[in-house]
Amino acid sequence: MNILAIETATDACSCALEFSGTITARHRVEPRRHTELLLPMIDEVLADAEADLGALDAIAFGRGPGSFTGLRIACSVAQGLGFGTGRPLIAVSTLQVIAAGMQRAKGTPRVLVALDARMGELYWGGFEWDGVTMVPAFEESVVSPAAVHLPDAGEWAGAGSGWTAHRAALEERMADRLGRSPESVDAARLPQASDMLGTARLALEAGLAVAPEDASPVYLRSRVARAAPKRIG
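Residues numbered from 1 in each chain as written. Predicted model: local features only at pLDDT ≥ 70, side-chain atom pairs only at ≥ 80, totals over all residues. Heavy atoms only, no water.

Explain the nonpolar core to me, please; I cannot follow it from the model alone.
Judged by nonpolar contacts, the single largest core of 25 residues is most densely connected at Leu 4, Ile 6, Leu 17, Leu 38 and Ile 42. Among the secondary structure elements, those contributing two or more residues to this core are β1 (3-7), β2 (12-19), α1 (34-48), β4 (58-64) and α2 (68-85). Met 102, Val 111, Ala 159 and Val 218 belong to the second largest nonpolar core, which has 16 residues in total. (Core = buried A, V, L, I, M, F, W, Y, C linked by side-chain atoms within 4.5 Å. Buried < 20%, exposed > 50% of the residue type's maximum accessible area, 1.4 Å probe, protein only. Helix = DSSP H or I, 4+ residues; strand = E, 2+ residues; numbered from the N terminus.)

Structure follows, in structure tokens:
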């Protein structure tokens, strides 16, 4: 499968291309420069792979939660590319992408992802390794640190900026569920588009891609009722 992945929901601007079994990626941490950086980065990965957009099977993007502006950038660029090429889109949770990166880098099978949502709240999600990818352990939410969903008993790792902003409160809430190793929490971890590809591939195989006009970000704070997106495939 040939998939382009885009992620701009945090301070990181990232894209990755899986083409003919090879992955090419770009990743830069430069806040507020996503609009300027993203399209040239996409051109670079396509050039490196000697590929063109017409050869893609799908375009994946980080749907959030995260920065309002960042979510709009990823979704809008993905929609523009989808409309231009006639290719479907795959929306992937930004929290899931962070968890996948944590699993790849440190082999942690269970990860609690916390992104600082400001106003004393967190974007919160838990993910478990099923042998192929990181899958949700419970529903994502925006919540105060003292009220985050308590995962199943066992040892969990932590990742994301929320662990910097609210470390004490989260450690108190997690009690015996958080690993005791100093490496159990990676508060500096940001999403990388290359970690989106595995989930996107499975979603495409399962027929979960959507038409560009049906793709949308997930803000969590401003969820609104909408019709279910039309699946392709």
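Whenever I open this one, the pairing of β1 confuses me. Can you help?
The two faces of the sheet receive side chains in turn, since in a regular strand these alternate between them. Counting buried residues along β1, five of its five residues qualify, which places the element largely inside the surrounding structure. Pairing of β1 with β2, which is carried by five bridges, proceeds in the antiparallel orientation. Paired with Ile 6 across the bridge in β2 is Cys 15. Counting the residues that bridge the hairpin from β1 to β2 gives four residues. Two elements, β1 and β4, share four bridges in a ladder whose sense is parallel. By the bridge assignment for β4, Leu 4 is matched with Ile 59. (Pairing = 2+ DSSP bridges.)

How should I be thinking about the pattern of salt bridges in this particular structure?
Pairing is possible between side chains that carry opposite charge, provided their charged atoms lie close to one another. In total, this model carries 13 salt bridges according to the counting rule given. Between Asp 186 and Arg 189 there is a salt bridge, with the nearest N and O atoms lying 3.1 Å from each other. Classification of Asp 186 by relative accessible area gives buried; the value is 15%. Taking the relative accessible area as the measure of exposure, Arg 189 reaches 13% and is therefore buried. One salt-bridge network, in which partners are shared between bridges, spans Arg 28, Glu 30, Arg 33 and Glu 36. (Salt bridge = Lys/Arg side-chain N within 4 Å of Asp/Glu carboxyl O.)

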